[in-house]
Amino acid sequence: MEKEFVDKMKESLINMKKEIIDSLMENNEDFKAIVEGVDPKDSVDIASDDMDRKMLESMGTKDLKRMKLIDSALGRIEMGKYGICIKCGKVIPQERLQAIPYALMCIECQTDDERRNR
């Protein structure tokens, strides 16, 4: 996978994570107090640090799942495995990653997985 594309996706993932954190700050006073007590440079890393149980409690299930997927994608970028299907090992098409930057699987494996879980 091209470094320029991966860097673009990393920036997109970080922005998605920041949007979730910003949304939580707007809607939850306890979470806002936690974030305001942290160095601004570290605010994007708050969820992965598992700083405070209150933060996780304040997150909705959907946001929590999305945050975990984003963190997982950022981890795969660091390990050089971003864009590789975790099931079959094939390269995930860039179009899919542009649509869903935290995609874990190629379309075929995702479809198979969803069929099995119905």
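Rules used in this analysis
Residues numbered from 1 in each chain as written. Predicted model: local features only at pLDDT ≥ 70, side-chain atom pairs only at ≥ 80, totals over all residues. Heavy atoms only, no water. Core = buried A, V, L, I, M, F, W, Y, C linked by side-chain atoms within 4.5 Å. Buried < 20%, exposed > 50% of the residue type's maximum accessible area, 1.4 Å probe, protein only. Helix = DSSP H or I, 4+ residues; strand = E, 2+ residues; numbered from the N terminus. Contact = heavy atoms within 4.5 Å. Lys, Arg positive; Asp, Glu negative; His and termini not counted. Salt bridge = Lys/Arg side-chain N within 4 Å of Asp/Glu carboxyl O. Disulfide = S-S within 2.5 Å. Patch = residues over 30% accessible without salt bridge, like charges linked within 9 Å, V, L, I, M, F, W, Y side chains within 5 Å. Areas by Shrake-Rupley, 256 points an atom, 1.4 Å probe, with all protein chains shown as cover. pLDDT = per-residue confidence, 0-100. Expected span 1.5 Å × (residues − 1).

**Some points on the nonpolar core**
Generally speaking, nonpolar side chains in soluble globular proteins are found buried as a group.
Next, step 1: Ranked by size, the top nonpolar core spans 22 residues in total, and within it Leu13, Ile70, Ile77, Tyr82, Cys85, Leu97 and Tyr102 carry the most contacts.
Next, step 2: At eight residues, the largest contribution of residues to this core is made by helix α1 (residues 3–27).
Next, step 3: In contact with tyrosine 102, not counting residues within four places along its chain, are Leu13, Met16, Arg66, Leu69, Ile70, Ala73 and Arg76.

**Here we look at the environment of glycine 60**
Next, step 1: As for its placement among the helices and strands, glycine 60 is situated in the loop between α4 (53–58) and α5 (61–79).
Next, step 2: Sequence separation of glycine 60 and leucine 24 is 36 residues, and the distance between their C-alpha atoms is 9.3 Å.

**Quick word on the environment of serine 12**
Next, step 1: Inspection of the secondary structure assignment puts serine 12 in helix α1.
Next, step 2: Judged by its relative accessible area of 24%, serine 12 falls in the partly exposed class.
Next, step 3: When the C-alpha positions of serine 12 and glutamine 98 are compared, they lie 9.0 Å apart, and in sequence the two are 86 residues distant.

**Concerning the side chain of arginine 96**
Next, step 1: Mapped onto the fold, arginine 96 is located in helix α6 (residues 94–99).
Next, step 2: Of the side chains bearing the opposite charge, glutamate 114 lies closest to the buried arginine 96, which forms no salt bridge; the N-O distance is 6.4 Å.

**Remarks on the state of the cysteines**
Next, step 1: Applying the stated criterion to the full structure yields zero disulfides.
Next, step 2: You can see cysteine 85 has no disulfide; the closest cysteine sulfur is in cysteine 88, sitting 3.7 Å from it.
Next, step 3: Note on cysteine 85: relative accessible area 3%, which makes it buried.
Next, step 4: Between cysteine 109, a free cysteine, and cysteine 106, which holds the nearest cysteine sulfur, the sulfur-to-sulfur gap is 3.6 Å.

**Here's the deal with the pattern of salt bridges**
Next, step 1: Scanning the model with the defined rule gives five salt bridges in all.
Next, step 2: A salt bridge links aspartate 22 to lysine 18; the nearest nitrogen and oxygen atoms lie 3.1 Å apart. Taken together, the positions of aspartate 22 and lysine 18, both in helix α1 and four residues apart, correspond to about one turn of that helix.
Next, step 3: With a closest N to O distance of 3.4 Å, arginine 115 and aspartate 112 form a salt bridge. One end of the pair, arginine 115, and the other, aspartate 112, are both in helix α7 (residues 107–116), three residues apart, so they sit about a helical turn from each other.
Next, step 4: Relative accessible area serves as the criterion here: at 34%, aspartate 112 is assigned to the partly exposed category.

**Quick word on a nonpolar patch on the surface**
Next, step 1: On the surface, Met1, Ile84 and Val91 cluster together into a nonpolar patch covering about 260 Å² of accessible area.
Next, step 2: In this structure, valine 91 sits in the loop between α5 and α6.

**What about the confidence of the model for the protein?**
Next, step 1: Summary statistics for the protein give a mean pLDDT of 82 and a share of 72% for residues scoring 70 or more.
Next, step 2: Within the protein, the lowest mean pLDDT, 51, falls on helix α3 (residues 46–49), and the highest, 96, falls on α6.

**Section: α5**
Each turn of an α-helix holds 3.6 residues, which means side chains three or four residues apart point in the same direction.
Next, step 1: Taking 1.5 Å per residue as the helical rise, α5 with its 19 residues ought to reach 27 Å, and the 27 Å between its terminal C-alpha atoms agrees with that figure.
Next, step 2: Those residues of α5 that fall on the buried side of the exposure criterion are Met67, Ile70, Ala73, Leu74, Arg76 and Ile77.
Next, step 3: One or two steps after α5, the chain reaches glycine 80, where phi turns positive at roughly 75 degrees.

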